[in-house]
Amino acid sequence: MHPSDLPSLMQIKNAENWNQTENDWLFLMEQFPQYCLVALDGENVVGTITSTNFKNQVAWIGMMLVSKLYRGHGISKLLMTTMIESLKDCESIKLDATPAGAHVYTKLGFQDEYEIFRMTHTGERNMDEPGNTMVRQIDEERLSSLFAMDQKVFGTDRSGLLKYLLEQGANVNGYISKNGKVDGYLLTRPGTNFTQMGPVIAESSDDAIQLVEDAMTKINGSMVIDVLADKKGLVGWLEEAGFTTQRSFTRMYLKGNPYPGEAKKHFAIAGPEFG
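The text that follows walks through the structure, step by step, so that each part is easy to find. (Residues numbered from 1 in each chain as written. Predicted model: local features only at pLDDT ≥ 70, side-chain atom pairs only at ≥ 80, totals over all residues. Heavy atoms only, no water.)

## Topic: the pairing of strand β4 (residues 92-97)
Part 1: Most of β4 is tucked away, with 6 of its 6 residues classed as buried.
Part 2: Residues Ser92, Lys94 and Asp96 of β4 are buried on one face, and the alternating residues Ile93, Leu95 and Ala97, pointing to the opposite face, are buried as well.
Part 3: Relative to β4, strand β3 (residues 58-66) is paired through 3 bridges, and the arrangement is parallel. For Val58, the partnering residue across the bridge sits in β4 and is Ser92.
Part 4: You can see the chain leave β3, run along helix α3 (residues 75-86) and come back into β4, and the turn it takes is right-handed.
Part 5: Pairing geometry for β4 and strand β11 (residues 244-254), over 5 bridges, is antiparallel. The residue bridging Asp96 from the neighbouring strand is Arg251, located in β11. (Buried < 20%, exposed > 50% of the residue type's maximum accessible area, 1.4 Å probe, protein only. Helix = DSSP H or I, 4+ residues; strand = E, 2+ residues; numbered from the N terminus. Pairing = 2+ DSSP bridges. Right-handed = clockwise from strand over helix to strand, strands pointing away.)

See the structure below:
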């Protein structure tokens, strides 16, 4: 995959009404060039797949797309098996599967970890500024504490990805601090259709709700958040705030799960393309 492929990549992505931007594609190509692949028919891009690779501990497969005119010819299987082979030195390979894709990945050896709800909001609301909020804007002094908390909860160091997300949502991102360190945070990024909220990492459901509520007051337009299904307190609050569940994902892993992190404190993911 190369930057010159961007028009084709966006065309295939837009046909599925996915949310990624050109910046998201470029970040993946710049940071993980050997794990961003396309399938070609002549000179035409007809399929895509990407992966992040966090120090050969955990890799994340995303952007698995095949043009509608080319489906049913084994292209997706070829892309997946090629990617898995390229990640053979990585201890664990993960992805977030749609219901339609889950059975395909099961056949390749992937196992279920947990369920995720994709919840969306039209942006039509009348929200007051949250009172007595503990949420503050993230600054340079908080980064080392934020990265440390994320590594503990996510399971491996993904500070490079977090730096990208921090840049994308600079005016909306927030953190909570109770003991002089980061005790919870929320990052955002713009999308084609929605502002994506996530990851959301927090010590409690109440803290996660505060982070989301604060972000909602700063976002203009439609929003999307991918919430772990077991976070019933946050899911219930989101429903009351006007979010609806669009679909579900199943987080799956291949070759074991030696870096599971602390799912109890993981409320929302960065998105199925990033994990």
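That was the structure; now back to the text.
## Quick word on the layout of surface pockets
Rolled over the atoms, a probe sized like a water molecule indicates the empty space that remains.
Part 1: In this structure, the largest pocket encloses a volume near 880 Å³.
Part 2: Elements represented by at least two residues in the lining of the largest pocket include exactly β3, α3, β4, α4 (99-107) and β11.
Part 3: Residue classes in the lining of the largest pocket are distributed as 18 nonpolar, 12 polar and 7 charged.
Part 4: Roughly 160 Å³ of volume is contained in the second largest pocket.
Part 5: Together, Gln137, Ile138, Asp139, Glu140, Leu143, Lys163, Leu166, Ala170 and Asn173 line the second largest pocket.
Part 6: Each residue belonging to the lining of the second largest pocket can be placed in one class, and the counts come to 4 nonpolar, 2 polar and 3 charged. (1 Å grid on protein atoms, 1.4 Å probe; cavity = no way out; pocket = protein on both sides within 12 Å on 5 of 7 lines; lining within 4 Å. Points joined across faces, edges and corners; volume = space filled by probe spheres on them. Nonpolar A, V, L, I, M, F, W, Y, C, P; charged D, E, K, R; others polar.)

## Looking at empty space enclosed by the protein
Part 1: On inspection of all chains with the given rule, the structure shows 1 cavity of 30 Å³ or more.
Part 2: What the largest cavity holds in volume is close to 70 Å³.
Part 3: Trp60, Lys94, Glu113, Tyr114, Val153, Phe154, Arg251, Pro260, Glu262, Ala263 and His266 are the residues that line the largest cavity.
Part 4: Counting only elements with at least two residues in the lining of the largest cavity, the list comes to β5 (111-121) and α5 (143-154).
Part 5: Partitioned by chemical class, the residues of the lining of the largest cavity number 6 nonpolar, 1 polar and 4 charged.

## So, helix α1 (residues 6-15)
Part 1: Those residues of α1 not exposed but buried are Leu6, Leu9, Met10, Ile12 and Lys13. What you see down the axis of α1 is that its buried residues fit within an arc of 165°, all on one side. Residues of α1 that are exposed and angled more than 90 degrees away from the buried face: Pro7 and Gln11.
Part 2: On the buried face of α1, the contacting elements are α2 (22-31), β1 (36-41), β2 (44-54) and β3. (Arc of directions from axis to C-beta. Contact = heavy atoms within 4.5 Å.)

## Some thoughts on the nonpolar core
Part 1: Ranked by size, the top nonpolar core spans 59 residues in total, and within it Met80 and Phe110 carry the most contacts.
Part 2: With 8 residues, the single largest contributor to this core is β3.
Part 3: Dropping the residues within four chain positions of it, Phe110 is found in contact with Met80, Ile84, Ile93, Leu95, Tyr105, Met252, Tyr253 and Leu254.
Part 4: One finds Leu186, Ala202, Met216 and Val227 within the second-largest nonpolar core, a separate group that totals 25 residues. (Core = buried A, V, L, I, M, F, W, Y, C linked by side-chain atoms within 4.5 Å.)

## Notes on unusual backbone geometry
Part 1: Pro199 follows Gly198 through a cis peptide bond whose omega is 10°.
Part 2: Here Pro199 lies in strand β9 (residues 195-202).
Part 3: Backbone geometry places Asn17, a non-glycine residue, at a positive phi of 60°.
Part 4: Tracing the backbone through its elements, the reader meets Asn17 in the loop between α1 and α2.
Part 5: Of note in the backbone geometry, Lys55 takes a positive phi value of approximately 55° without being a glycine.
Part 6: Structurally, Lys55 is set in the loop between β2 and β3.

## Some thoughts on the side chain of Asp96
Part 1: Tracing the chain through its elements places Asp96 in strand β4.
Part 2: What makes Asp96 buried here is its relative accessible area of 9%.
Part 3: Not counting the four nearest positions on each side in its chain, Asp96 is found in contact with Trp60, Ile116, Phe249, Thr250, Arg251, Ile269, Gly271, Pro272 and Gly275.

## Topic: the pairing of strand β8 (residues 182-189)
Part 1: Within β8, 8 of the 8 residues are buried, which leaves the element mostly enclosed by the surrounding structure.
Part 2: The pairing of strand β7 (residues 174-177) with β8 spans 4 bridges and is classified as antiparallel. By the bridge assignment, Tyr175 is partnered in β8 with Tyr185.
Part 3: In sequence, β7 turns back onto β8 through a hairpin of 4 residues, with Gly180 there showing a positive phi of about 85°.
Part 4: Looking at chain direction, β8 and β9 are connected through 5 bridges and run antiparallel. When the bridges of β9 are listed, Gly184 appears paired with Ala202.
Part 5: Between β8 and the antiparallel strand that follows it, β9, lie 5 residues.

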